[in-house]
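Structural features, examined
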Amino acid sequence: MALRIKSHWQDEDRTRSLPEIASALAFIAWRIAMDKAINLHCERFLYRDDAQRLAVIQEYLAFLIQIADRLAHGDLAEADRRLLITEFARKVFAHVQDNSHDLLGPGDYGGAFIALLNERSGEYADYQLAEDGPSYAFLRHLGHEIQALMGEALENRWVIDQVMDKDGWDAYKHFAKAYRDLFE
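Bear in mind that the values here come from a model prediction, so they are computed numbers and not experimental data.

Scanning the protein chain from N- to C-terminus turns up six helices and two strands. When its helices and strands are written in sequence order, the protein chain yields α-α-α-α-β-β-α-α. Taken along its principal axes, the extent of the C-alpha atoms in the protein chain is 50 × 40 × 35 Å. In the protein chain, which comprises 184 residues, the proportion classed as buried is 47%. A total accessible area of about 9,700 Å² is found for the protein chain, and carbon and sulfur atoms account for 52% of it. A distance of 3 Å separates the average location of the 21 positive side-chain charges in the protein chain from that of its 31 negative side-chain charges.

This is the structure in structure tokens:
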């Protein structure tokens, strides 16, 4: 089933603030990350439990925040970019906290996500996003992190290939299109 994302504003004539755009981006990123985690299951990769599935979703979210930062770098002034990405990360933090709380019970899940995001920001800083999308190394890093989460079980041995060749690229395309649509 194809992922359908609403990425156009209902009242197109109204100007949106950067926090409003960030909120929409966070919702879209959550949907994309969740779709990619579900797709791994549909491709017969196995999750140990809901915590592992949420960890995969968080890896996709960290990846998409990096993509947004790169897209904003070319489009926005530095202060605006910082505001957009900060608000985007805050909204994603809230999605992670709320959904993790619902599935796993009480706990500080958002704090762990921010630590993950800070770690991944340093790692992804070395990778390029060109006009046609993320570099091979960018997608390989996402695949490597998801492979590490999924483990070396026979069923999950090729998850890195699925992420690099299909799911990571697909997540980028959906997100980049939505990003551009929201700024139109």
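So much for the structure itself; the text now carries on.
One non-glycine residue, Arg44, lies in positive phi territory at about 75°. Along the chain, Arg44 falls in the loop between α1 (18-42) and α2 (50-75). With relative accessibility at 69%, the residue Arg44 sits in the exposed group.

Moving on, we come to the environment of His41. Examined against the element boundaries, His41 turns out to sit in helix α1. As a C-alpha pair, His41 and Asn118 span 77 residues in sequence and 27 Å in three-dimensional space. What His41 contacts, discounting residues up to four positions off in sequence, is Tyr47 and Arg53.

Topologically, Phe93 is positioned in helix α3 (residues 78-104). The exposure class of Phe93 is partly exposed, given its relative accessible area of 30%. Spatially, the C-alpha atoms of Phe93 and Arg4 are 23 Å apart, while their sequence positions differ by 89 residues. Sequence-distant contacts of Phe93, that is, excluding residues within four places in its chain, are made with Gly110, Gly111, Phe113 and Ile114.

To continue, consider the packing of α1 against α2. Where α1 meets α2, the axes come as close as 9 Å, and the angle between the chain directions of the two elements is 135°. Classified by the angle their axes make, α1 and α2 are oblique. Handedness of the crossing formed by α1 with α2: right-handed. Of α2, the residues touching α1 (which contributes Ala29, Trp30, Ile32, Ala33, Met34, Lys36, Ala37, Leu40 and His41) are Arg53, Leu54, Val56, Ile57, Tyr60, Leu61 and Leu64. Each residue belonging to the contact of α1 with α2 can be placed in one class, and the counts come to 13 nonpolar, one polar and two charged.

Time to look at the environment of Val159. As for its position among the elements, Val159 is in helix α6 (residues 159-183). The sequence separation of Val159 and Ile146 amounts to 13 residues, and the corresponding C-alpha distance is 7.5 Å. The contact partners of Val159, leaving out residues within four places of it in the chain, are Leu40, Phe45, Ile146, Gln147 and Met150.

Quick look at the packing of helix α4 (residues 109-124) against helix α5 (residues 136-150) now. Contact geometry for α4 and α5: axes closest at 11 Å, N-to-C directions at 145°. As α4 runs across α5, the sense of the crossing is right-handed. The residues of α5 that touch α4, namely those facing Arg120, Glu123 and Tyr124, are Phe138, His141, Leu142 and Glu145. Looking at side-chain class alone, the contact of α4 with α5 contains three nonpolar, one polar and three charged residues.

We describe a pair of aromatic rings using the distance from one ring centre to the other and the angle between the two ring planes. Within this structure, the stated rule accounts for eight aromatic pairs. The interplanar angle of 90° and the centroid separation of 5.5 Å between the aromatic rings of Phe63 and Phe138 together place this pair among those described as edge-to-face. One end of the pair, Phe63, is in helix α2; the other, Phe138, is in helix α5, and 75 residues separate them in sequence. Both residues of the pair, Phe63 and Phe138, belong to the buried class. Geometrically, the ring pair formed by Trp169 and Tyr172 is tilted, given 5.5 Å between the ring centres and 40° between the ring planes. With Trp169 and Tyr172 both in helix α6, this residue pair falls three residues apart, about one helical turn. The exposure class of Tyr172 is buried, given its relative accessible area of 5%.

What counts, and where the lines are drawn
- Residues numbered from 1 in each chain as written.
- Predicted model: local features only at pLDDT ≥ 70, side-chain atom pairs only at ≥ 80, totals over all residues.
- Heavy atoms only, no water.
- Helix = DSSP H or I, 4+ residues; strand = E, 2+ residues; numbered from the N terminus.
- Buried < 20%, exposed > 50% of the residue type's maximum accessible area, 1.4 Å probe, protein only.
- Areas by Shrake-Rupley, 256 points an atom, 1.4 Å probe, with all protein chains shown as cover.
- Lys, Arg positive; Asp, Glu negative; His and termini not counted.
- Charge placed at Lys NZ, Arg CZ, Asp CG, Glu CD.
- Contact = heavy atoms within 4.5 Å.
- Axes fitted to C-alpha atoms, helices over the stretch in contact; angles between N-to-C directions.
- Parallel < 35°, antiparallel > 145°, perpendicular 65-115°, else oblique.
- Left-handed = near helix turned anticlockwise from the far one by under 90°.
- Nonpolar A, V, L, I, M, F, W, Y, C, P; charged D, E, K, R; others polar.
- Phe/Tyr/Trp six-rings, centres within 6.5 Å; stacked < 30°, edge-to-face > 60°.

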